[in-house]
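Chains, contacts and geometry: an overview
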Amino acid sequence: MTIVYKSNSITITKNKKNDFVLSYEDDNYKHFWSNTISQLESYKQSQTKTQKQAFFNAYSIEPLTELLKIKKNLLSYRHAMLLFLCIGDQLNYLEKDKHSVLTFDLKDIIIINSNADRNDSIFLFLNTKKFYPIKDKQIVINNPFNIKNLFLSPELKNINSLPAHIPLSSSYYSIAFLISFCLNNSIIKSNRTFKEFLDHLTIIRDTKLYFSLIRCLDDKPQNRFYLFI
């Protein structure tokens, strides 16, 4: 077996051509893992005292960072849309487990390709160490976090002491910021105001993804919604 991905207690190994195994700890995120395994279309699952395994088929697996290198830091509209939809599904089910993701990183997202053309890919966030508990629709922060993360929400930037509570929609901002960066990384050089995001996303203006992203990037957390309609 060859390890193709590893993050803390999560590993993906390749048994043979097109045959992979996702292994993870038996934790409290049952809804999150149920959705993740469903997206993989796992054909078999097994369990030990400490680990669960999901067997699935794929043409290849690669980190998002590798795809960005291949695409010269410019994701296609389709890939950006799939990234939004797949991660949105995971977030939705993770919230059922009373947790959310505080910050997103490019290195934490992997791509499951079903063919060489990458036209039907699945994007998955696989780093449970970045899960934070939710209470009363607020993300509870008791531990220090990476303040140098590229995709911090405005609320996270304003935290100056712990413990702290921030709106659940902070995670929506972070993933929308990451996707905007993947469409054109020049946004990182701006002041990242809402107006600048609007200007930056003119490359996909009047598309479903455009409106989905700007709904998540509103300056006011209460105005953010994770919707693709």
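First, a word on what this report is: a plain description of the structure on this page. All figures in this text were calculated on a predicted structure; none of them were measured in a lab.

Criteria and thresholds
- For every chain, the first residue of its written sequence is number 1, and the numbers climb from 1 along that sequence.
- Only residues with pLDDT of at least 70 get local features here, since the model is predicted, and only at 80 or more are side-chain atom pairs given and counted; chain-wide, interface and lining totals rely on the full set of residues.
- For the side-chain quantities, the full set of heavy atoms in the structure was used; hydrogens and water were omitted.
- Take the buried Ala, Val, Leu, Ile, Met, Phe, Trp, Tyr and Cys residues and link them wherever side-chain atoms come within 4.5 Å; each set so joined is a nonpolar core.
- Note on exposure labels: buried denotes an accessible area under 20% of the residue type's maximum, exposed denotes more than 50%, and partly exposed covers the range between, all computed with a 1.4 Å probe on protein chains only.
- Helix numbering and strand numbering both begin at the N terminus, where a helix is a DSSP run of H or I of at least 4 residues and a strand a DSSP run of E of at least 2.
- When DSSP locates at least two bridges between a pair of strands, those strands are taken to pair.
- To get an axis, a line is fitted to the C-alpha atoms, and for a helix only the part in contact is used. The angle between two axes follows their N-to-C directions and goes from 0 to 180 degrees.
- We call two residues in contact whenever any of their non-hydrogen atoms come within 4.5 Å of each other.

**Examining the nonpolar core**
- Ranked by internal contacts, the top residues of the largest apolar core, which has 72 residues, are Leu-22, Leu-64, Leu-178 and Leu-213.
- Considering each element in turn, this core owes the most residues, 10 residues, to helix H5 (residues 170-183).

**Comments concerning the sheet that holds strand E6 (residues 60-63)**
- Within the open sheet, the 3 strands sit side by side as E6-E8-E9. Their pairing is antiparallel. On the outer flanks of this sheet lie E6 and strand E9 (122-125), each paired with one strand and no other. When strand polarity is set aside, the average angle formed by the axes of neighbouring strands in this sheet is 25°.
- Direction of pairing for strand E8 (residues 109-113) relative to E9: antiparallel, over a ladder of 4 bridges. From the neighbouring strand, Ile-110 faces E9, where its bridge partner is Leu-124.
- Sheet strands touched by helix H1 (residues 30-40): E8 and E9. Its angle to E9, the strand with the most contacts, is close to 155°.

**Points about the pairing of strand E2 (residues 10-16)**
- Note that strand E1 (residues 2-7) and E2 share 5 bridges and pair antiparallel. Bridged to Ile-3 within E2 is Thr-13.
- Where E1 hands over to E2, the hairpin turn is made up of 2 residues, of which Asn-8 adopts a positive phi near 55°.
- Relative to strand E3 (residues 19-25), E2 runs antiparallel, the two being bridged by 5 bridges. In the sheet register, Ile-12 faces E3, and the bridge partner there is Leu-22.
- Between E2 and E3, which pair antiparallel one after the other, the connecting turn spans 2 residues, and Asn-18 there sits at a positive phi close to 65°.

Honestly, it's all geometry; don't read function into it.
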